[in-house]
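Reading the structure
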Amino acid sequence: MQPPWWQTGVVYQIYPRSFADTRGNGVGDLPGVEAHLDHLAWLGVDAIWLSPIYRSPMADFGYDVADYRDVDPLFGDLDDLDRLLEQLHDRGMRLILDWVPNHTSDQHPWFVESRSARTSAKRDWYVWRDPAPDGGPPNNWVDAFTGAPAWTWDETTRQYYLHLFLPQQPDLNWSNPEVAAAMQDVLVYWLDRGVDGFRADVVHLIGKDDDLADDPPDRVGQHHAAFQNNEVTHAYLRDLRTMLDGYPGERMMVGEVNLDSTEAVATYYGHGDELHLAFNFALLHTPWDAEAWRASIERIDAAYAPRRAWPTWVLSNHDQPRHRSRYGSLRRARAAAVALLTLRGTPFLFQGEELGLADAEVPPERRVDPGGRDGARAPIPWTPDAPHGWAGAEPWLPWPPAVGAHNAATQRSQSASTAQLYRHLLARRRASPALRHGAMTWLDTPPGVLGYRRSDGDDERVVLVNFADETATFDLPGWCVEVDSLLPAATGAAFGGALAPEQGLLLARA
Ligand code: GLC
């Protein structure tokens, strides 16, 4: 049986505010996505994940949803979304929408009603509690961005409500079956419109302990969202999985389980009956070091294998500094891309990593994100000259560095560019069952070199990434270069056994 598309494909994350502005307000929009589908098709991705496009007051740039069933006017309207979906499907690409189940905006009609009176029919849709005996918050939890208490006092009804993120993002109470049903209806609404799947935002947080006990002393002051891991969430996920698998077509859910422990993340796959995929952020936090990479990857394999859970790989997203900035050079970022697109699992790309973008320098007066994540969210430059393919108004965040070289038009026109590297890797991956779903075994490489073999029947590939800043040697007769991170277009040469500093190679049998 063929594995499902979300196991063999490559997903490209679009952060719509920063992708492309067609209307001249400095914020990207859905027609901007539509205008650049050629770029995504040229690159060869299989699916796009759109960060939230719903109606929102934008306190957390869309992760505070005021209406789950409509598009925010800033991005366009439902017709724009339907058209985008149709065009993606015409090109054989899928669409994954972000779904934010843990919290709504404080402007969502559900919360407005909930906070109106203690007797409101929706009071119990959120997490309300009386103050502690001293009048302070009900427990010692702190929120994810500011480290302030995760509770806000409501003067009208004289209780606190819980928010693991901003005060403008009140947590839903999933233990109320009406909430679970309403949130499931949201999924059905979008499935009926034809979307192929969902990226479930901080989905490990939806299940809360009834007693909301204080965090233990060794956790006091740490963001509660980083370690809450309750058994009851698994039951909610099983219900969602049953619904998704019962829906016609191959629909899926990839969950953001933002827990430090790989072993804990693995449990969110259940026994093939919870999330189809869970993000695995280990490499976001692994330094530029071959041994550390190998240890991270082995640890993930060890945690996932007993559950037959399919891994995912991420080097950059809208919440973290870009990997080019983390690793300190484009050369390293390119070598890392060879691994990202050849490891066993589903890779998730973040818009602009294929252009070799670094984070923008955001001066204090232009910082807008309460979580300090502006740098990675800089606008995507499409052309070398201002306004870089945007509609003219100054974008909501500054441009990333070196847009003259790191823009889509220039990158696509140069054979040795980062965009060409990604394109070649994606094409080779598409053509190789070994890379798409084959087994992976480690090679006995010298220190500083990460090396593995992928295989599926007769189809075999070898990947070598030299993390060191000096030449490494590895004797491997009978193999030739399929993609070279330094010269992506030059293929077919026999592999002579030398790896340049910070070079990544994809090899095929000669
Ligand atoms: C997730 C999102 C992040 C957002 C947070 C709260 O971590 O990726 O951008 O701020 O959830 O919704």
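See above for the structure.
All of the points below concern the structure found in this document. (Residues numbered from 1 in each chain as written. Predicted model: local features only at pLDDT ≥ 70, side-chain atom pairs only at ≥ 80, totals over all residues. Heavy atoms only, no water.)

**Structural notes on the nonpolar core**
A general feature of soluble globular proteins is that nonpolar side chains tend to end up buried together. Counting 136 residues, the largest nonpolar core has Leu50, Trp99, Trp190, Phe198 and Trp293 as the members making the most contacts within it. Among the elements that line this core, the one with the most residues is helix H6 (residues 177-193), at eight residues. Excluding anything up to four places from it in sequence, Trp190 contacts Tyr54, Tyr68, Arg69, Asp70, Leu78, Leu81, Leu97, Val195 and Phe198. (Core = buried A, V, L, I, M, F, W, Y, C linked by side-chain atoms within 4.5 Å. Buried < 20%, exposed > 50% of the residue type's maximum accessible area, 1.4 Å probe, protein only. Helix = DSSP H or I, 4+ residues; strand = E, 2+ residues; numbered from the N terminus. Contact = heavy atoms within 4.5 Å.)

**Let's talk about the site of the ligand**
Contacts to the ligand come from 14 residues, most closely from Asp60, His103, Asp201, Glu256 and Asp319. His103 places a side-chain nitrogen or oxygen 2.9 Å from an oxygen atom of the ligand. Between an oxygen atom of the ligand and a side-chain N or O atom of Asp319, the distance comes to 2.5 Å. Contact with the protein chains removes 97% of the 310 Å² of surface that the ligand exposes when unbound. Residue composition of the shell around the ligand, grouped by class: four nonpolar, three polar and seven charged. (Near = heavy atom within 4 Å. Polar contact = N/O pair within 3.5 Å; in protein donor to acceptor, adjacent residues only side chain to side chain. Areas by Shrake-Rupley, 256 points an atom, 1.4 Å probe, with all protein chains shown as cover. Nonpolar A, V, L, I, M, F, W, Y, C, P; charged D, E, K, R; others polar.)

**What to know about the side chain of Glu353**
Of note, Glu353 is situated in the loop between strand S13 (346-350) and helix H12 (408-413). For Glu353, which is buried and forms no salt bridge, the nearest opposite charge comes from Arg322, at a distance of 5.8 Å. A polar contact is formed between the side chain of Glu353 and the backbone nitrogen of Phe350, at a distance of 2.9 Å. Within polar-contact distance, the side chain of Glu353 engages the side chain of Tyr422 at 2.7 Å. Leaving out residues up to four positions away in the same chain, Glu353 has contacts with Ser316, Arg322, His323, Leu340, Phe348, Thr418 and Tyr422. (Lys, Arg positive; Asp, Glu negative; His and termini not counted. Salt bridge = Lys/Arg side-chain N within 4 Å of Asp/Glu carboxyl O.)

**Observations concerning the packing of aromatic side chains**
Counting across every chain of the model gives 28 aromatic pairs. Ring geometry for Tyr54 against Trp190: centres 5.9 Å apart, planes inclined by 55°, an arrangement best described as tilted. On the criterion of sequence distance, the pair formed by Tyr54 in strand S3 (residues 54-55) and Trp190 in helix H6 is long-range, its members being 136 residues apart. Residue Trp190 is classed as buried on the basis of its relative accessible area of 1%. For the ring pair Trp110 and Trp125, a centre distance of 5.0 Å and an interplane angle of 65° mean the geometry is edge-to-face. Remark: Trp125 occurs in the loop between helix H5 (109-114) and strand S6 (128-129) and Trp110 occurs in helix H5; sequence separation between them is 15 residues. With respect to burial, Trp110 and Trp125 carry one shared label: buried. Following the ring pairs from residue to residue traces out a cluster consisting of Tyr54, Tyr68, Trp110, Trp125, Tyr189 and Trp190. Cation over ring: Lys122 sits above Trp125, and NZ or CZ is 4.8 Å from the ring centre. One cation-aromatic arrangement involves Arg219 over Phe227; the distance from NZ or CZ to the ring centre is 4.2 Å. (Phe/Tyr/Trp six-rings, centres within 6.5 Å; stacked < 30°, edge-to-face > 60°. Lys NZ or Arg CZ within 6 Å of the ring centre and 35° of its normal.)

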